[in-house]
Each structure stands twice: as C-alpha cells, then as structure tokens.
2 protein chains.
Amino acid sequence: MKSNRYCVIMCGGAGSRFWPFSRDNMPKQFLDFFGTGRSLLQLTVDRITPVVPKENIILVTNVKYAGIIREQLPGIPEENILCEPARRNTAPCICWAANHIAASCPDALIATLPSDHLVLKETAFAKAIEDGFDFVSSGDRLLTLGIKPTYPNTGYGYIQLGQHVDGCDDTRKVKSFTEKPDPEMARFFLDSGEFYWNAGIFIWKAADIIKAFEQHCPEMAQLFESGRKYYATPLEKDFIEANFQNAQSISIDYAVMEKASNVFVKTVDLGWSDLGSWKALYDVSPKNAEGNVTQNCNVLAPGCTGSLFAVNGEKIIVASGLKDYIVADNGNALLICPADEEQKIRQVVNDVRTRFGEEFV
Amino acid sequence: MKSNRYCVIMCGGAGSRFWPFSRDNMPKQFLDFFGTGRSLLQLTVDRITPVVPKENIILVTNVKYAGIIREQLPGIPEENILCEPARRNTAPCICWAANHIAASCPDALIATLPSDHLVLKETAFAKAIEDGFDFVSSGDRLLTLGIKPTYPNTGYGYIQLGQHVDGCDDTRKVKSFTEKPDPEMARFFLDSGEFYWNAGIFIWKAADIIKAFEQHCPEMAQLFESGRKYYATPLEKDFIEANFQNAQSISIDYAVMEKASNVFVKTVDLGWSDLGSWKALYDVSPKNAEGNVTQNCNVLAPGCTGSLFAVNGEKIIVASGLKDYIVADNGNALLICPADEEQKIRQVVNDVRTRFGEEFV
C-alpha cells in the first residue's frame, strides 16, 4: 500500500558559519561533523525513515548540490531530488514541494525538515512526527515543533504558547512568533516558560499548506499552482527552470506561519540544536576535563581550556594556552578564533574571498 | 690550479625545535625558511662558493640525508658527501673531514660551517673567510668567528676576548669559552663588551686541527688516523662504517677548542642568527605594523600581534586575538604555541612521537 506520509528535507542552504569546514561547494549539511561516518543530511534521512518510506522522501536543494546528494543518499530515488535553479529562502521551496507531492498524492501528509540540525533523541523525534501526522490528519492545522529553551539564545526564533488543545497535553495554539530577540527579551522569554524555540520542523497536509499559501502569500501560491499540470511529469523541470526564479525570496515563517491563525505547536524534547555555529557544536559535544572538544583529531593541548579543535583528515594539533578558542583546519584553510567572536566568521569568509580567491571559501 | 681552500659543511643534524616544519626525515637545514626557493643548506653553499671552489666543498651528514643533499646540491660531486653511519656530535665529524681532506691535499685550509644558520651579510662573510684563511696560513692557529652580541641570549656559547694580535684589528686570542650562561651571566657578558657569540664557524689548516686532536682528544685522533690509508679511496666508506660509531660523541668545543691554547677569534658582523628556534626566526624576519611575521602564507590576523605564522603549502590562515604566538602548519601537524614557551617544543615532539607515532615527527 502506498503511504500518504511524505517528508520534505530542505538541503539547499549555503552558509559560511562553519568555515573552513563548510565551503561553497560543500555546505554544512553534507559534512560528517561527529565523525560517525554519516553527514548531517544522512542522519536526517536516517531519522525520518522509521516514519516515512524512502520513496516518499523529497529533497529540495540547489542544483549545484544534486551530485553530492545522489552520492550521499544512493537509496533515495533520483526523481525525488528537486533542484532549485535559484536561492529563494524556504517559502518557495515548501510551496513547490507541496504542489509537487499533491500532484501524485492529493491527501499527502508532509513533514518538512531542515537537513543540518542535530537531533540526539531519535525515538522521541520519530514519535513526534508520528503524532504530528495524526494531529494534522483531522481538520485544517499547521503544526510546528517547539523546543523547550535551556538558555537565552538570541539567534533562534521563539514561539509563544497559546491555548491548550483538548486531548493533546503537549500541543498548544501558537500565540505569536518572535525572531532573534535581544538578550533582555531572550532572558524574559526563557524565564516566562511561555516561549519555545522554533525548530523549523513543520507538519501539515499538502492541501492545507497550499491553502495557507493561497490565503497569506497568494502570488507565490498562484506561481506554483500555475504549474499544476507539469508536476510529477517530465515537464516539471522546465516549468521550474522558467518560473522558480520569479518567486519572492522569503522564509516560511514570514510568508505563512506568522500570519496564519491555524498554527499549532507541539512541545518536544529532542536533544535538539540547530548547530548554527562552531560555538553551538562546542556546546553539544562531549568535553574533556579541561572543557576542550576535539572533532576527529588528535590533540595535545596543554594549558588550553574551553576550546574546540576540529581537523578534517589525519592530522594532529599541538596547542598551548588557548582559552575558549575555535581551531578548525580543513584543506587549504585554517581558522583560529576566540569562540565569542565567531559571529564575525561570515565577514571573515567574505574577506578571504575578496583577498585570496574563491578557492579558499 | 687546484685550490687548497676547502670547506666542510656539517649538515647531519636532526633537531626538533622547528617542528612541525622540521621533521625527522627533513631537518631544518633542508628547509626553505624564507620562501626564497633555497634551503638553508643551499644558501650556505651559495655563500661559500665565492671563496671555495665547488669541488672542495665537503658535506658531512647522516647517511639518511644523503638523498636530500644530492637533490638539493646537484653541483656538488657525489664523492664530496661524507655519510656518518651514526650521530656523534661535531668533533668526530670534523676530525674525519680533516683527515679525509688531508689525504688528498696535505696543505689544505679548511673552513668548517654549520648548515642551518642565517647570514645576511654575504660579502662580509666571504671576506671574513678569506681573511681567516690568510690568518691561519701562517703559524699553528685555530680560528673561530665571534659575533658581537646584541642581547643577553642564554642559549648561545660565548667567547671571551683576550690579547690583540699584532696587525689584526679584529682578531684576538681567545681567553675562555662559556656555554649557555644563566640570564644574569648573559647580561654581564653583554654589558662587559668582552664576550662574543660563538657562531660555530671555524677556520684552520687540516694539519693543525689534526694536531690539535692529537693533543687534546688523542683517542679520537688515533681512531681517525688509523684509517689514513683508506681516505679518498673506495675503501674509506667501509672503514667509516666499521669505525665511526666507536668515536666519542662530543662537540668540537669541548673536545678541542676549550682546551687548546692556540685559539683565536675574529670578531665579525655578519647579520648572523643561529635560527635556533621559531622565536629566533621571528626576530630576524620582517614584521608588519602589528609586529606579525608571515612565512610563505596568506594570513588575515585581526587583533593578532607579535606572532609568527608559517605554513608549508598553498594555504590561508585566519587568526584572531593571538598575542606573541607561533602558528606553524605543515602537512599532518599544526602547532599553536606562545612564543615564550617554544623551549618546550622538544618535549612536545617527544610526546607526539609517543602518543601518535613516528609519522607525525
């Protein structure tokens, strides 16, 4: 029996915050950060396969990463890789994927997932998606997963919890969304107990999200509905090539979630991190007695504390006297940077590109 | 006309103070530290060729480096490479080389040079060697070059100046030698104006240094004189293989120079450094406005001061906030270490060998 459970994995992001590990031609989601032999994308697929059959896993990516994806995910049918010809943020990606899936399965349920996050609790994750599918099966509901915050992160989006849903202990109406609060606000959010982190994991029926686009982002809805007769046919690619670039570049949060009134949040404990930075990777990694983290490498670090050492390849690092540093060595680039300056890495990468050339970024 | 001027370049040292650039199989003298395209050994040969013909340049090395030397110095006759089958410090090296040279040129004059030092003033160097040859031509004299100290270095050997030599403004009898003084003593040496650095550059007649060995180190003299009939013949190699290891491991300073009464010092200004450490390399290298030195690499170093960045290969470094650090990246090893801790590098290299294996040292 063909399942109506689908999953859309968004894996077209570029991102420079993990430079020099992540590169223009090898972004974060394709890297094996934990030395497990599986990239973050592969781990994402591993995590969803107990709930969604492989033939229903859709990967939306930039055309330049299609080759890496085929290589990393040989078990996924090639026609499941949707290639965006331009970068347009998450809303067009989600709108296209929903239309694509609805064309062959009008009653599809879709879980939409980022490809580059960390989820430590796989069983809880699978159960959350299962329960989420059940929840959105009845009625017109858009569901997002909310993570209980553990510290006042100023880089995440926050979801304010509203009314309880009858019979669902862990699911509430969404009262509001807030992106990247200032430190004071983040502290208030944390203390109130009423705000959860937005993990960017969404569950809905294909029909319901298409309807939501029609209501809240009608131009984009119309753009992608105009291709209805091409989806899941050999002509889909041509249609996308011709039209995708005309879609507004906007996130799903701004385009739909913040406007819709039928948005719910399921509060979950997934051992989640967005791995948005070296510092985030440091935070979730096991540390030695001096608080140092080593990723895939042998390190002698006398007098070093609170530092992360990451090397791509068979290499040793001898470091002395570094306090709270990131040391990341990959191929033709080496980064040595205080952990609390890592927000500057994006700028640094631009400087590197300008001064030394594309081959270093 | 065959010249009686010879030069012995000692290039068998191992040394770990420039790890991870210098390695067991590629010590410092074979490295191109300044990105000039010439190794320290090649620069040493370049420097002496105005004074000594190439066919009279003798290289004494450890057998394991013979291949590198042939590669780096294709212009030197292969039979001029003397391969020590064991490490025995400088005295056996010098004693063998003197006997080897005397066998084919009994009235040879020999300049003995380290292969891994920096000499910026090449013309002054050539003149010093020329003048030195003249000085030792008459009489039984052992000559060493003395460098006017510029700071109280505690790692060098010091030469105390004695009586002037008639007619030689810059040449004095040697009163005493002192190895590696403590900081107070080094300060006193510097302030007195009477002590010069021992550059390890020696000039003498082959016959005179052999005689000095006979007087002050008779066992070693006898060991090498017992091979007299083999030197400069195809049997020399076998004789050395069988006997060299029996030589005492001792420096020329301890074995002869500190004991002999016919030792003279010529005070010279050569722009000299023994390049004994990363810090020494830093000191002699051009610096940018922040006092940073970059060796062969592209560096973005916001907030870094007084640091040295060295990379072997096409690579960039982005570093932030390092004060007085050494960052040295070469192949499978990376060193990040405060400049004032570099005396620990030898120990670190031993730790690396023990914990991670020979391939990293």
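Right above here is the structure, for reference.
Reading the values: rules and limits
- Residues numbered from 1 in each chain as written.
- Chains lettered and ligands numbered in written order.
- Predicted model: local features only at pLDDT ≥ 70, side-chain atom pairs only at ≥ 80, totals over all residues.
- Heavy atoms only, no water.
- Helix = DSSP H or I, 4+ residues; strand = E, 2+ residues; numbered from the N terminus.
- Rg over C-alpha atoms; globule rule 2.2 N^0.38 Å.
- Buried < 20%, exposed > 50% of the residue type's maximum accessible area, 1.4 Å probe, protein only.
- Areas by Shrake-Rupley, 256 points an atom, 1.4 Å probe, with all protein chains shown as cover.
- Lys, Arg positive; Asp, Glu negative; His and termini not counted.
- Charge placed at Lys NZ, Arg CZ, Asp CG, Glu CD.
- Axes fitted to C-alpha atoms, helices over the stretch in contact; angles between N-to-C directions.
- Parallel < 35°, antiparallel > 145°, perpendicular 65-115°, else oblique.
- Contact = heavy atoms within 4.5 Å.
- Nonpolar A, V, L, I, M, F, W, Y, C, P; charged D, E, K, R; others polar.
- Phe/Tyr/Trp six-rings, centres within 6.5 Å; stacked < 30°, edge-to-face > 60°.
- Lys NZ or Arg CZ within 6 Å of the ring centre and 35° of its normal.
- Least-squares fit on C-alpha atoms with pLDDT ≥ 70 in both.
- Pairing = 2+ DSSP bridges.
- Expected span 1.5 Å × (residues − 1).
- Salt bridge = Lys/Arg side-chain N within 4 Å of Asp/Glu carboxyl O.
- Polar contact = N/O pair within 3.5 Å; in protein donor to acceptor, adjacent residues only side chain to side chain.
- Left-handed = near helix turned anticlockwise from the far one by under 90°.

A. Fine view of the overall build of chain A. A tally of regular secondary structure across chain A gives eleven helices and 17 strands. For chain A, whose C-alpha radius of gyration is 21 Å, the value lies close to the compact-globule estimate of 21 Å for 361 residues. Its C-alpha atoms give chain A principal-axis dimensions of about 60 × 45 × 40 Å. Within chain A, the proportion of its 361 residues that are buried is 58%. On chain A, roughly 15000 Å² of surface is accessible, and the fraction owed to carbon and sulfur atoms is 49%. If the 36 positive side-chain charges of chain A are averaged to one point and the 45 negative ones to another, these points end up 1 Å apart.

B. Looking closely at the packing of helix 6 (residues 206-216) of chain B against helix 7 (residues 218-225) of chain B. Residues and elements named next belong to chain B. Close contact between helix 6 and helix 7 brings their axes to 5 Å; oriented N to C, the two are set at 130°. Relative to helix 7, the element helix 6 lies oblique. Contacts from I210, F213, E214, Q215 and H216 in helix 6 reach P218, M220, A221 and E225 in helix 7. Across the contact of helix 6 with helix 7, the residue classes break down as five nonpolar, two polar and two charged.

C. Representation of the environment of B:A128. Residue and element names in this part refer to chain B. Mapped onto the secondary structure, A128 falls in helix 4 (residues 122-137). Put simply, A128 and K175 are 47 residues apart on the chain and 21 Å apart in space, counted from C-alpha to C-alpha. Once residues lying within four places of it in the same chain are set aside, the contact partners of A128 are L145, I203, K266 and V268.

D. View of the packing of aromatic side chains. Under the criterion given, the structure shown has 38 aromatic pairs over all chains. Measuring from centroid to centroid gives 6.2 Å for B:F33 and B:W278, while their planes differ by 80°, and the two rings are edge-to-face. In this pair, B:F33 sits in the loop between strand 1 (5-10) and helix 1 (40-48) while B:W278 sits in helix 10 (residues 278-284), placing the two residues 245 residues apart along the sequence. Exposure class is identical for B:F33 and B:W278. Each is buried. Geometrically, the ring pair formed by B:Y156 and B:W197 is edge-to-face, given 4.8 Å between the ring centres and 80° between the ring planes. Of this pair, B:Y156 sits in the loop between strand 6 (142-147) and strand 7 (157-165) while B:W197 is found in strand 9 (residues 195-205), placing the two residues 41 residues apart along the sequence. Of the two residues, B:Y156 and B:W197, neither departs from the other in class, the shared state being buried. Of the aromatic side chains, those joined through ring pairs into one cluster are A:F18, A:F21, A:F33 and A:W278. The residue whose ring lies beneath B:R141 is B:F264, and the NZ or CZ to ring-centre distance is 5.5 Å.

E. How the structure looks around the relation of the copies chain B and chain A. Turning chain B through 180° and shifting it by 0.0 Å along the axis lays it on chain A, with an RMSD of 0.1 Å. Taken together, the rotation angle and the small translation identify this as a two-fold axis.

F. Focus on the sheet that holds strand 16 (residues 325-330) of chain A. Strand order in the open sheet formed by six strands is 12(A)-14(A)-16(A)-17(A)-15(B)-13(B), with mixed pairing between adjacent strands. Both outer strands of the open sheet, strand 12 (293-295) of chain A together with strand 13 (298-300) of chain B, are each paired with one neighbouring strand and no more. Between one strand and the next, the sheet's axes are offset by a mean angle of 10°, whatever the strand orientation. Bridge count for strand 17 (residues 333-338) of chain A against strand 15 (residues 316-319) of chain B is four bridges, and the pairing is parallel. Across the sheet, A:L335 pairs through a bridge with B:V318, a residue of strand 15 of chain B.

G. Local environment of helix 3 (residues 90-104) of chain B. Residues and elements named next belong to chain B. An ideal rise of 1.5 Å per residue puts 21 Å on 15 residues; helix 3 measures up with 22 Å between its terminal C-alpha atoms. Summarising burial for helix 3: twelve of the 15 residues are buried, a large majority. What helix 3 keeps buried is the set A91, P92, C93, I94, C95, W96, A97, A98, N99, H100, I101 and A102.

H. Representation of the pattern of salt bridges. Residue and element names in this part refer to chain B. Overall, the coordinates contain 42 salt bridges over all chains when judged by the stated rule. One salt bridge in this structure joins D46 and R38, with 2.7 Å as the shortest N-O distance. Accessibility expressed as a relative area gives 29% for D46, which makes it partly exposed. By relative accessible area, R38 is classed as partly exposed at 30%.

I. View of the interface of chain B and chain A. The partner chain A presents 31 residues to the 31 residues of chain B that form the contact. Between the two partners, chain B and chain A, sit two salt bridges. Summed over the shared surface of chain B and chain A, the number is 20 residue pairs in polar contact (both at pLDDT 80 or more). Going through the elements one at a time, strand 13, strand 15, strand 16 (325-330), strand 17 (333-338) and helix 11 (345-356) of chain B are the ones with two or more residues in the side of chain B that touches chain A. Classifying every residue of the side of chain B that touches chain A by side-chain character gives 20 nonpolar, five polar and six charged.

J. Inspection of the packing of helix 3 of chain B against helix 7 of chain B at higher detail. Residue and element names in this part refer to chain B. Taken N-terminus to C-terminus, the directions of helix 3 and helix 7 make an angle of 40°; their axes are 10 Å apart at the nearest point. One element, helix 3, and the other, helix 7, form an angle in the oblique class. The two elements helix 3 and helix 7 cross, and the hand of that crossing is right-handed. Between helix 3, through A91, P92, C95, W96 and N99, and helix 7, the contact on the second element is made entirely by M220, A221, F224 and E225.

K. Structural view of the sheet that holds strand 14 (residues 308-311) of chain B. In space, the six strands of this open sheet follow the order 13(A)-15(A)-17(B)-16(B)-14(B)-12(B), with mixed pairing throughout. What marks the edges here is a single partner per strand, and that holds for strand 13 (298-300) of chain A together with strand 12 (293-295) of chain B. Averaged over all neighbouring strand pairs, the angle between strand axes comes to 10°, with direction disregarded. In the sheet, strand 12 of chain B pairs with strand 14 of chain B via three bridges, with the strands oriented parallel. Residue B:T294 lies in a different strand from strand 14 of chain B, and its bridge partner there is B:F309.

L. Structural view of the side chain of A:D253. Residues and elements named next belong to chain A. Within the secondary structure layout, D253 lies in helix 9 (residues 252-257). For the buried D253, no salt bridge is present, and the opposite-charge side chain at shortest range is K180, 8.9 Å distant. A distance of 3.0 Å separates a polar atom in the side chain of D253 from a polar atom in the side chain of N198. Each residue touching D253, except ones within four places of it in the same chain, is listed here: F177, N198, F202 and E258.

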